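# Commentary on secondary and tertiary structure
One letter stands for each residue in the lines below.
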Amino acid sequence: VIVSAHEHKELESSVSVITVTDVRRLFALASNDFFGCPSRKMKTIGITGTDGKTSTAFFTYQLIKAMGFKAGLSTTAVIDAGDGLETNRLHNTTPEAFDMQALLARAAAGGCQYFVLEASSHALSREYCRLEGTVFAAACYTKVSSEHLEFHKSLDSYYESKARLASMTEGPVFSYSDSRILPFIRQNGPVILERPEIISRSRTGLKFRYEEREYSLPYFEDFVLDNAY
C-alpha cells in the first residue's frame with residue numbers, strides 16, 4: 001500500500017495507492033493510532049513560545065517531580081522517557097510524528113504520570129503536523145515575538161501555528177496578559193497571568209511576591225522569572 005499526495009497510474013494493479021491531500025497529517029494520525037494515543041495515558045503538558053520554551057518545560061518537569069509524581073520530558077536539549085535524563089539525539093525540538101509518539105508511548109509504559117513536551121512552531125504548523133492527534137491536558141505560552149519567518153512567511157501564520165497548541169488542549173491554557181498570542185487563542189478561554197511583583201534583586205538572585213507569599217529564585221534576570229512563574 002502506498003499513501004501519496006499524487007496519483008500513480010503507472011504502478012502495477014497489485015499495488016494499492018491511497019491518495020490524500022495531506023500526507024504528513026495522515027502520517028501523524030497513523031503514528032498516534034499505532035502507539036495507542038499515548039498522550040492520553042498521561043497528563044501531557046505542552047509548552048510553546050518564541051523564547052523560554054526549554055527553560056519553562058524543564059522548570060515544569062522539575063516541579064512535577066518535586067511534588068512526587070513521575071514525569072517525562074521532551075525538549076531541544078534533553079529528554080526523559082521515564083528512565084532518566086538523556087541528550088536529545090532526535091535533532092528537532094519536537095521530533096517527527098512517529099518518533100514523538102514512540103517517545104510518549106515509552107514514557108507511558110515506564111509509568112510516567114505526566115509528560116512535558118516542548119512544541120515548536122514547525123511541529124504545530126499545518127505544513128508539518130508532527131503533533132496531530134496528540135491531546136494535551138494543559139498548555140503554556142512563553143514569550144511570543146517572531147521566529148522562523150523564512151518558513152512561516154508572515155507573523156500571522158507564525159502565530160496561527162503557535163495557536164494550534166491551544167486548540168489541541170483539553171484543560172487550562174496559560175498566557176501572560178501582554179502576549180501577542182492572546183488574540184489568536186481567545187476562543188480557547190486562556191488563563192491570563194499578570195507578572196509577579198519583584199521585591200528585591202541581587203547578583204545571587206531575586207525575590208518576588210505572588211498571592212501575598214514571597215518566593216526566591218537563584219537568578220536575577222526578568223526573563224527567568226517569566227519562565228519560572
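Before reading further, recall that the structure is shown in the block above.
What counts, and where the lines are drawn
- Residues numbered from 1 in each chain as written.
- Predicted model: local features only at pLDDT ≥ 70, side-chain atom pairs only at ≥ 80, totals over all residues.
- Heavy atoms only, no water.
- Pairing = 2+ DSSP bridges.
- Helix = DSSP H or I, 4+ residues; strand = E, 2+ residues; numbered from the N terminus.
- Axes fitted to C-alpha atoms, helices over the stretch in contact; angles between N-to-C directions.
- Buried < 20%, exposed > 50% of the residue type's maximum accessible area, 1.4 Å probe, protein only.
- Salt bridge = Lys/Arg side-chain N within 4 Å of Asp/Glu carboxyl O.
- Phe/Tyr/Trp six-rings, centres within 6.5 Å; stacked < 30°, edge-to-face > 60°.
- Lys NZ or Arg CZ within 6 Å of the ring centre and 35° of its normal.

To continue, consider the sheet that holds strand 9 (residues 173-176). Strand pairing within a sheet occurs via backbone hydrogen bonds; the two strands may be parallel or antiparallel. Reading across the sheet, the eight strands line up as 6-5-4-7-3-8-9-10 and stay open at both edges, with mixed pairing between neighbours. The open sheet terminates on both sides in strands that have one partner only, identified here as strand 6 (85-87) and strand 10 (191-193). For this sheet the average axis-to-axis angle between neighbouring strands, irrespective of direction, equals 20°. Where strand 3 (residues 43-48) meets strand 8 (residues 138-141), four bridges bridge the pair, whose relative direction is parallel.

Of note in the backbone geometry, Lys153 takes a positive phi value of approximately 75° without being a glycine. For Lys153, the location among the structural elements is in the loop between helix 5 (149-152) and helix 6 (155-167). Taking relative accessible area as the criterion, Lys153 reaches 68% and is therefore assigned exposed. Although it is not a glycine, Glu211 sits at a positive phi angle of roughly 50°. Mapping Glu211 onto the fold places it in the loop between strand 12 (205-210) and strand 13 (213-217). The class for Glu211 is exposed, based on a relative accessible area of 62%.

Considering all chains together, one arrives at twelve salt bridges under this definition. Across the salt bridge formed by Asp83 and Arg106, the nearest N and O atoms sit 3.3 Å from each other. Here the residue Asp83 occupies a position in the loop between strand 5 (78-80) and strand 6, and Arg106 occupies one in helix 3 (residues 97-109), the gap between them amounting to 23 residues. Overall, Asp83 belongs to the exposed group, its relative accessible area being 56%. You can call Arg106 partly exposed: its relative accessible area is 35%. Here the salt bridges do not stand alone but share partners, grouping Arg24, Glu96 and Arg130 into one network.

Moving on to the sheet that holds strand 12. Strand order in this open sheet of three strands is 11-12-13, and the pairing throughout is antiparallel. Of all the strands in the sheet, just strand 11 (197-202) and strand 13 have a single pairing partner and so form its edges. Averaged over all pairs of adjacent strands, the angle between their axes in this sheet comes to 20°, without regard to strand direction. As paired strands, strand 12 and strand 13 are joined by five bridges and run antiparallel to one another. Following the sheet pairing, Phe208 is matched in strand 13 by Tyr215.

Attention shifts here to the packing of aromatic side chains. Across all of its chains, the model carries nine aromatic pairs by this definition. Relative to Phe35, the ring of Phe34 lies with its centre 5.0 Å away and its plane at 85°, an arrangement referred to as edge-to-face. Since its relative accessible area comes to 61%, Phe34 is described here as exposed. Geometrically, the ring pair formed by Tyr158 and Tyr159 is tilted, given 5.9 Å between the ring centres and 50° between the ring planes. We classify Tyr158 as buried; its relative accessible area is 0%. An aromatic cluster is defined as three or more aromatic residues linked by ring pairs; in this entry it consists of Phe34, Phe35 and Phe98. Above the plane of the ring of Tyr128 lies Arg130, whose end atom (NZ or CZ) is 4.9 Å from the centre.

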